[in-house]
Amino acid sequence: MAVLNRLLRAKKELSFSSSYSWMTTACMWRSSSSATFSDAADLSGAPSSPIKALPVRQDPKDRNVQWVFLGCPGVGKGTYASRLSNRLGVPHIATGDLVREELSSTGPLSKQLAEIVNQGKLVSDEIIFNLLSRRLEAGEAKGESGFILDGFPRTIRQAEILEDLTDIDLVINLKLREDILLEKCLGRRICSQCGGNFNIANIDIKGENEKPGIYMAPLLPPPHCASKLITRSDDTEEVVKERFRIYNESSQPVEEFYRSRGKLLEFDLPGGIPESWPKLLRALNLDDHDGEQSAAA
Ligand SMILES: Nc1ncnc2c1ncn2[C@@H]1O[C@H](COP(=O)(O)OP(=O)(O)O)[C@@H](O)[C@H]1O
């Protein structure tokens, strides 16, 4: 389907829908967002509009999957979304990565974004929609179809607008105990050269009172990355706890939104990648070929 048609239809839907007239949405955003309108417009270089390049209600058999990963910071959304994206041949789009790319650029929003992210707060919906829109348009120009979204939607407003624009087929909600999540966030490391993600946390919790134990081995870097590891500036204990607080506050309505539409798959992580990945594939009915050995790799 021609991109332009879809963009126009998406824009039209937003302009004329009673609940989401663009001006109404914009005003709501303006009042709730931490960044200003003009900043967001600077980002795209054009008048703002929500996600522009989404396929609008295409028949799922004519396109690739459109999935979403939900889950608290540190749960492993990026890890599993990236593995699934390789397996299914769809792009893995993480809004956190888009925010960090913008942060490390010399763009006008960079300083303001740093302040928001380093306090563990959410970036305004409008900025997120602009970043996502730009990413989807670039992908569409390269012929990408479908997506696995990671870290979006994070608020009920983001979920509602996304639903207005396109059909999400499935939402996978990854879950893990909060004490483990904290250890995992504090153990995260990134190679400053290749961008590889690692984790030095060694989670080994014994089972008690009929609750099973949980083991998650560290994901250590290869020797050539070991001396180049950095920690995300928002992965300090104070900021991580604030991110948990905000996540817990905003995630329930988002989960309920998808649960009530029969799209939510709850997945309790049973352990590290070798244990969790095959079980996730099974839960998704994707375990029919090349198997669990390679999955655990
Ligand atoms: N959908 C979103 N809405 C608002 N802010 C977002 C969104 N996605 C990412 N961010 C911003 O980027 C930061 C990093 O996101 P992410 O990498 O997904 O981290 P995590 O899931 O570990 O908290 C968030 O703390 C938030 O400031």
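This one's a predicted model, so the numbers in the text were calculated from it and none came from an experiment.

S.K.: Would you mind going over the sheet that holds strand β5 (residues 188-191) in detail, with residue names and values included?
M.R.: Strand order in the open sheet made by the 3 strands is β6-β5-β9, with antiparallel pairing throughout. On the outer flanks of this sheet lie β6 (197-199) and β9 (229-230), each paired with one strand and no other. Bridge count between β5 and β6: 3 bridges; the pairing is antiparallel. Bridge assignment links Arg189 to a residue of β6, and that residue is Phe198. Its contacts with the sheet place helix α9 (residues 178-187) against β5 and β6, and it is angled at close to 25° to β5.

S.K.: Go over the site of the ligand, please, and point to the residues and values.
M.R.: Around the ligand, the structure places 18 residues, and the nearest of them are Thr95, Arg100, Lys121, Gly151 and Arg243. Backbone polar atom of Val123 to a nitrogen atom of the ligand: 3.1 Å apart, as the coordinates give it. Broken down by element, the shell around the ligand gets its largest block of residues, 4 residues, from helix α5 (residues 95-103).

S.K.: Tell me about the confidence of the model for the chain, and please be specific about residues and values.
M.R.: Averaged over all residues, the pLDDT of the chain equals 82, while 77% of them reach at least 70. Strand β4 (residues 170-175) holds the highest mean pLDDT among the elements of the chain, 98, whereas helix α2 (residues 22-32) holds the lowest, 31. Low pLDDT (under 50) marks residues 1-48, which in the prediction has 80 contacts with non-local residues, meaning those over four places away or in another chain. Taken together, the stretch residues 291-297 has pLDDT below 50 and engages in 9 contacts with residues farther than four places along the chain or on a different chain.

S.K.: Provide a residue-level description of the packing of α5 against helix α6 (residues 110-118), including the pertinent values.
M.R.: Between α5 and α6, the least distance of the axes is 8 Å, while the angle of their chain directions is 130°. Taken together, α5 and α6 sit at an angle that is classed as oblique. Along the contact surface, α5 presents Val99, Glu102 and Leu103, while α6 presents Ser110, Leu113, Ala114 and Val117. Here the contact of α5 with α6 is built from residues that sort into 5 nonpolar, 1 polar and 1 charged.

S.K.: Describe in detail the packing of helix α8 (residues 156-165) against helix α11 (residues 237-259), supporting the description with residues and values.
M.R.: At a minimum axis separation of 8 Å, α8 and α11 run at an interaxial angle of 30°. The orientation of α8 relative to α11 falls into the category roughly parallel. Across the interface between the two elements, Ile156, Ala159, Glu160, Leu162 and Glu163 from α8 touch Pro253, Val254, Phe257 and Tyr258 from α11. Residue composition of the contact of α8 with α11, grouped by class: 7 nonpolar, no polar and 2 charged.

S.K.: Quick one: what's the story with the packing of aromatic side chains, residue by residue and with numbers?
M.R.: The tally for this structure, following the rule as stated, stands at 3 aromatic pairs. Between Tyr80 and Trp277, the aromatic rings sit 6.3 Å apart at their centres with planes inclined by 25°, giving stacked as the arrangement. Taken together, the positions of Tyr80 in helix α4 (residues 77-88) and Trp277 in helix α12 (residues 273-283) put the pair 197 residues apart, joining distant regions of the chain. Above the plane of the ring of Trp277 lies Arg83, whose end atom (NZ or CZ) is 5.4 Å from the centre. The ring of Phe257 carries the charged tip of Arg261 above its face, separated from the ring centre by 3.7 Å.

S.K.: Quick one: what's the story with the pattern of salt bridges, residue by residue and with numbers?
M.R.: Using the criterion set out here, one finds 22 salt bridges in the structure. With a shortest N-O distance of 3.4 Å, Asp204 and Lys206 are connected by a salt bridge. Given the relative accessible area of 44%, Asp204 is considered partly exposed. Arg259 is the partner of Glu256 in a salt bridge, and the nearest nitrogen-oxygen pair spans 2.7 Å. Taken together, the residues span about one helical turn, with Glu256 and Arg259 both in helix α11 at a distance of 3 residues. Glu256 gets classed as partly exposed once you look at its relative accessible area, which sits at 41%. Here the salt bridges do not stand alone but share partners, grouping Lys175, Glu255, Glu256, Arg259 and Glu266 into one network.

S.K.: I'd like to hear about the sheet that holds strand β3 (residues 147-150), residue by residue, with values.
M.R.: Sheet strands associate in pairs through backbone hydrogen bonding, adopting either a parallel or an antiparallel arrangement. The strand order across the open sheet built from 5 strands is β2-β3-β1-β4-β10, with neighbouring strands paired in parallel fashion. Looking at the sheet topology across the chains shown, the edges are occupied by β2 (92-94) and β10 (264-268). Adjacent strand axes in the sheet meet at a mean angle of 20°, parallel and antiparallel pairs treated alike. Judged from the 3 bridges that link them, β2 and β3 form a sheet pairing that is parallel. By the bridge assignment, Ile93 is partnered in β3 with Leu149. Sitting on the sheet, α12 is in contact with β1 (66-71), β4 and β10, with an inclination near 155° to β10.

S.K.: I'd love a proper account of the side chain of Arg243, names of residues and values included.
M.R.: Looking at the secondary structure, you find Arg243 in helix α11. By relative accessible area, Arg243 is classed as buried at 11%. At a separation of 3.1 Å, a polar atom in the side chain of Arg243 contacts the side chain of Asp235. Not counting residues up to four positions away in its chain, the partners in contact with Arg243 are Pro73, Gly120, Arg188, Arg232, Asp234 and Asp235.

Basis of the calculations
- Residues numbered from 1 in each chain as written.
- Predicted model: local features only at pLDDT ≥ 70, side-chain atom pairs only at ≥ 80, totals over all residues.
- Heavy atoms only, no water.
- Pairing = 2+ DSSP bridges.
- Helix = DSSP H or I, 4+ residues; strand = E, 2+ residues; numbered from the N terminus.
- Contact = heavy atoms within 4.5 Å.
- Axes fitted to C-alpha atoms, helices over the stretch in contact; angles between N-to-C directions.
- Near = heavy atom within 4 Å.
- Polar contact = N/O pair within 3.5 Å; in protein donor to acceptor, adjacent residues only side chain to side chain.
- pLDDT = per-residue confidence, 0-100.
- Parallel < 35°, antiparallel > 145°, perpendicular 65-115°, else oblique.
- Nonpolar A, V, L, I, M, F, W, Y, C, P; charged D, E, K, R; others polar.
- Phe/Tyr/Trp six-rings, centres within 6.5 Å; stacked < 30°, edge-to-face > 60°.
- Lys NZ or Arg CZ within 6 Å of the ring centre and 35° of its normal.
- Salt bridge = Lys/Arg side-chain N within 4 Å of Asp/Glu carboxyl O.
- Buried < 20%, exposed > 50% of the residue type's maximum accessible area, 1.4 Å probe, protein only.

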